[in-house]
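Residue strings, one per chain:
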Amino acid sequence: MGTGKGAGRDAGRGASRDSGTDTAAIAIALAITMAIPGRAAAQTLDQPQTQPQTHTPIEIDMTIFAGRNPLLVTDDDAVTGGVEVGLRAGKDWQLSPGTKLGAEGNVAFRQYSRRYGNFVTGRAALALDHRHNEYLSFQSEASFERVLPAEATADSIDSAIDPLTLQNNYALRQTVTWNPNALSTISGQLGWRQLDPQGSSLLERTTAVDLSLNARRQIDALTTLGLLGMMTWSRSRAGGDPRAWSAYFTAERRIVHAWRLQAQVGVTRTSQLDTLGARQSGGIQFAGNASLCHDPGRISACVTASIQPVVSAYNGIQRETAYGATFSWRSSPRGTLTASADYRRSPQPAPSPAIDTMRIAARYDFRLNQQTTLFAGPEYRRRTNVSGQTVDSTVFRIGVTIGLPRP
């Protein structure tokens, strides 16, 4: 199992050292994802055991890829190839008229042709939805993810710091939603996260607890307005125990030609402990995010922008600016073209330069039949690390997805 110790370090040296443990961890997580719902349904004594509401097929992905510097290290510009085999599945169980349990999981094995060895990544998630009555509902979520930062440049600024070190992410979240009337919604969320880089010299294990309260009211058939407040507490071995609070005014509106606009505009403030243990607060800063999306159809598109504090395995809480765009065109009954672009930037204390990541990707899917889909496309990634050095990569992928319907 390749476990990179930092950007530019030869990951292939440790390719097999922890492969048994890592592979077992993913296999166990996936097994729990698929097995727990069945056991939970069987233990619901006051309800008959029911069949799943939805029959999601098991999908197998087989991919061949090749490109220059695929893992964004600083001392490798050679062309590297590889293969990846992935498996994903999901199910929903209706436990009672108002309660649904959902499970999903995926696991992937990737082998590189040189230097980097192999990696096992995956994700497992459970979600329990309970509608108590027409006014009150609950949602509980739990997830585990094992991700290679170099393959997640669109998701976290951590990939700019250390692209090779595998990271285990754990999350728990509880949501309570109250609808006092047909036009108003009040919801509260309490969440816990842990980011656990495996042996990185740059990223630290980081835990965070976040609490949010959101109140919305539908003003007319097209417009919803609201208020959102958030608090985040984080802790890592790097120290400082950063905290952040944010307050937003929120708005959502449907506009002409099936477009939908969502926006959150507000302020935020962060604080952390100094070397003497006293908490020091920064100034109040602007925060917000917005998205403009076209509802799914033959052509769908979405553009997003945000500037807000986010939890990172590098110094706890980072102020991050992010931009993104997605595009999908169903070119024929069997063909679909998709494209996406993401950019993230996080300023650092002087004299360190800002760190950033960029990802641009395109893919064409062609469905041969109900079970088989071919796909191919290029991907460009770039990162600027804490030393100000910029490294980029271009990779081309081709593969097939095979669906295996459940009996």
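The residue numbers shown here count from 1 along each chain, following its written sequence. Local features in this predicted model are restricted to residues of pLDDT 70 or higher, and side-chain atom pairs are both shown and tallied only at a pLDDT of 80 or more, whereas totals for entire chains, interfaces and linings draw on every residue. Processing note: side-chain calculations cover all non-hydrogen atoms of the structure and skip hydrogens and water entirely.

For the chain, the count of helices and strands is 2 helices and 20 strands. Only protein chains enter the area calculation, which uses a 1.4 Å probe; residues under 20% of their type maximum are buried, those over 50% are exposed, and those in between are partly exposed. The 407 residues of the chain split such that 41% are buried. Any two residues having at least one pair of non-hydrogen atoms within 4.5 Å are treated as being in contact. Contacts spanning at least 24 positions in sequence make up 54% of the contacts within the chain whose residues lie at least 6 apart. Of the roughly 20600 Å² of accessible surface on the chain, a fraction of 58% belongs to carbon and sulfur atoms. Going along the chain from the N terminus, every DSSP run of H or I of four or more residues is numbered as a helix, and every run of E of two or more is numbered as a strand. Only the protein chains shown count as cover for residues, with accessible areas throughout obtained via the Shrake-Rupley method and a probe of 1.4 Å.

With that settled, the discussion passes to unusual backbone geometry. For D241, which is not glycine, the phi torsion reads 40 degrees and is therefore positive. Here D241 is to be found in the loop between β10 (223-236) and β11 (243-255). Of note, N315 is a non-glycine position whose phi angle comes to about 65 degrees, a positive value.

Another point: the confidence of the model for the chain. pLDDT measures how confident the predictor is about each residue, on a scale from 0 to 100. Counting all residues, the mean pLDDT for the chain is 86, and 86% of those residues have values of 70 or more. Note on residues 1-54: pLDDT is under 50 here. Beyond four places in sequence and across chains, it has 105 contacts.

Disulfides are defined as cysteine sulfur pairs within 2.5 Å. In this structure the tally under the stated criterion is 1 disulfide. Across the disulfide from C293 sits C302; the S-S distance is 1.9 Å. Both residues of the pair, C293 and C302, belong to the buried class.

Our next topic: the layout of surface pockets. Method remark: on a 1 Å grid restricted to protein atoms, a set of points is classed as a cavity if a 1.4 Å probe fits but cannot get out and as a pocket if it is open with protein on both sides within 12 Å along at least five of seven lines; lining residues have an atom within 4 Å of a point. Grid points are joined across faces, edges and corners, and a volume is the space filled by probe spheres set on the points. Counted as a void, the second largest pocket has a volume near 1100 Å³. Contributing to the lining of the second largest pocket are 35 residues, with E84, R110, E151, R359 and R363 lying nearest its centre. The element contributing the most residues to the lining of the second largest pocket is strand β19 (residues 372-384), with 5 residues. Amino acids outside the nonpolar list (Ala, Val, Leu, Ile, Met, Phe, Trp, Tyr, Cys, Pro) and the charged list (Asp, Glu, Lys, Arg) are all regarded as polar, and Gly is one of them. Its residues assigned to classes, the lining of the second largest pocket shows 13 nonpolar, 9 polar and 13 charged.

Before going further, it helps to spend a moment on the nonpolar core. Only buried Ala, Val, Leu, Ile, Met, Phe, Trp, Tyr and Cys residues count toward a nonpolar core, and they belong to the same one when joined by side-chain atoms within 4.5 Å. Judged by nonpolar contacts, F65, L71, V73, Y112, Y116, F119, L148, A150, L164, L166 and V395 together constitute the single largest core of 11 residues. Core analysis: the next-biggest nonpolar cluster, separate from the first, contains 10 residues, I157, A208, V311 and A313 among them.

Summarising the sheet, strand β18 (residues 355-367) and β19 pair through 10 bridges and their orientation is antiparallel. Residue pairing in the sheet places M358 in a bridge with R382 of β19. Paired strands are those between which DSSP finds at least two bridges. Between β18 and β19, which pair antiparallel and follow one another directly, the connecting turn spans 4 residues. Inspection of the sheet shows β19 paired to strand β20 (residues 390-404) by 13 bridges, in the antiparallel sense. Looking at β20, one finds that A376 is bridged to I398.

Where strand β3 (residues 79-96) and strand β4 (residues 99-112) come together, 14 bridges link them in antiparallel fashion. Its bridge partner lying in β4, K91 is registered against A103. Here β3 folds back onto β4 in antiparallel fashion, the turn holding 2 residues. Pairing of β4 with strand β5 (residues 118-131), which is carried by 13 bridges, proceeds in the antiparallel orientation. If you follow E104 over to β5, its bridge partner there is A125.

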